[in-house]
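Structural overview
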Amino acid sequence: MKPVISITNVFPEAAIEKLKPRGELRLNRSGAALTRDDLKKLAAESAAIVSYLSDPIDREIIEAGGNLKIVANYGAGYNNIDVASAREKGVWVTNTPGVLHETTADLTWAMILAVARQIAPADRFTRQNLFTGWRADLFLGADAHGKTLGVIGCGEIGRAVARRALGFGMKVLYCQRRRLPDAEEKRLNAEYVSLEELLRNSDYVTLHVPLTDQTRHMIGRDQLRMMKRTAYLVHAARGKVVDDRALVEALKAGEIAGAALDVYEDEPALTPGMTNLDNLLLLPHIGSATRETRDRMALLVADNVLDALSGKRPRASVW
Ligand code: DGY
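Residues numbered from 1 in each chain as written. Predicted model: local features only at pLDDT ≥ 70, side-chain atom pairs only at ≥ 80, totals over all residues. Heavy atoms only, no water.

Looking at the secondary structure, you find Glu249 in helix H11 (residues 244–252). A C-alpha to C-alpha distance of 9.8 Å links Glu249 and Leu224, two positions 25 residues apart in sequence. (Helix = DSSP H or I, 4+ residues; strand = E, 2+ residues; numbered from the N terminus.)

See the structure below:
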């Protein structure tokens, strides 16, 4: 009997084809998230679960997995999975490192430039036929080139964002728990500073940390107040790293110039007040959403599953 491989939501065909010969596939092509009960049932029946970052794979679900060998998350972040419980039960947990950082860095730059130059409001204005001729004060924005970029979290994605800043002639400040090797700092022309120093001196602050107990709400009212009134916050990491209510208040009060969000504290719900703010760019968690990268991610997910089913340590195991 072939092992059951369950995929909780839509998944690229190329990866489905790769998995097909090795298992009995249970697919959910509806686009709707599975309920907790569905997930528990899947865990009980499957040898492998391919999960979305929005599927809460907690202790109860992992414990329901009699024959479960792996939870293969379709994403780099895996804060939706109780890794400690999985480890205790000998269930592999995998993610997709090394294949999405460049794409997510591209989107981060799209967000930086879009919020600084008011691209979304300018588009809305133009398509409403409000453009009646060139004006010197129409949609005045801020320069990115020559400014200071603050990168919070200089892992794969943060470094890819910092590397692009070189082309814009920007000064880069970064903070994280561990300092980068000298050679890497030089390559990125980046200076290691404290979070407070970064917030006080950056024109653009971009977040690239995972969600952990240490990073939850690392940007709240006090941190936003440290930022320059002319600065922008850009966030394509995990929603709960920022206190969204405090952000809405700071934007309303003009404490910072603007923000761009790809992720939300109560995702997919938005915090009240967000949609009324023109200095806030809102995107639907599309950091890694290119056809090429989603295929690469899915093929890596498939490799992780196949590794585990052949009794090997999966190549992108997180424990
Ligand atoms: C990830 O990989 O964690 C992203 O948020 C999904 O694009």
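This part takes up the sheet that holds strand S10 (residues 232–235). Read from one edge to the other, the open sheet built from seven strands follows the order S8-S7-S6-S9-S10-S11-S12, with strand pairing classed as parallel. Lying at the two open borders of the sheet, with one neighbouring strand each, are strand S8 (190–192) and strand S12 (280–282). The mean inter-strand angle of the sheet, taken between neighbouring strand axes irrespective of direction, is 20 degrees. Lying over the sheet, helix H7 (residues 156–167) contacts strand S6 (148–152), strand S7 (171–175) and strand S9 (204–207), oriented at roughly 170 degrees with respect to S6. (Pairing = 2+ DSSP bridges. Axes fitted to C-alpha atoms, helices over the stretch in contact; angles between N-to-C directions. Contact = heavy atoms within 4.5 Å.)

Right, let's talk about the packing of aromatic side chains for a bit. Taken as a whole and assessed by the stated rule, the structure comprises seven aromatic pairs. Geometrically, the ring pair formed by Tyr52 and Tyr74 is tilted, given 5.9 Å between the ring centres and 50 degrees between the ring planes. You can see Tyr52 sitting in the loop between strand S3 (48–51) and helix H3 (59–63) and its partner Tyr74 sitting in the loop between strand S4 (70–73) and helix H4 (83–88), a full 22 residues away along the chain. Tyr74 matches Tyr52 in its accessibility class, with the two residues each being buried. Ring geometry for Trp92 versus Trp319: centroids 4.6 Å apart, planes at 20 degrees, classification stacked. Of this pair, Trp92 sits in strand S5 (residues 92–94) while Trp319 sits in the segment after helix H12 (291–309); the two residues are 227 residues apart in sequence, bridging distant segments of the chain. On the accessibility criterion, Trp92 (18% relative accessible area) is buried. One aromatic cluster is present, built from ring pairs that chain together Phe11, Tyr52 and Tyr74. (Phe/Tyr/Trp six-rings, centres within 6.5 Å; stacked < 30°, edge-to-face > 60°. Buried < 20%, exposed > 50% of the residue type's maximum accessible area, 1.4 Å probe, protein only.)

As a further point, take H12. With 19 residues, H12 should reach 27 Å at 1.5 Å per residue; the first-to-last C-alpha distance of 27 Å fits that figure. Remark: Gly311 follows H12 within two positions and exhibits a positive phi of approximately 80 degrees. (Expected span 1.5 Å × (residues − 1).)

Next up on the list: the domain arrangement of the chain. Along its sequence, the chain is carved into domain 1 (4–99 + 291–309) and domain 2 (101–282). Computed from C-alpha coordinates alone, the two centres of domain 1 and domain 2 are separated by 31 Å. In this assembly, eight residues from domain 1 lie in contact with five residues from domain 2. Both faces considered, domain 1 and domain 2 share a buried interface measuring about 530 Å² in area, 44% of it formed by carbon and sulfur atoms. Viewed at the interface, domain 2 and domain 1 are joined by zero salt bridges. Our count for the domain 1 to domain 2 interface comes out at three residue pairs in polar contact (both at pLDDT 80 or more). When its residues are assigned to classes, the side of domain 1 that touches domain 2 shows three nonpolar, four polar and one charged. (Domains from an automatic or database assignment. Buried area = accessible area lost by both parts, 1.4 Å probe. Salt bridge = Lys/Arg side-chain N within 4 Å of Asp/Glu carboxyl O. Polar contact = N/O pair within 3.5 Å; in protein donor to acceptor, adjacent residues only side chain to side chain. Nonpolar A, V, L, I, M, F, W, Y, C, P; charged D, E, K, R; others polar.)

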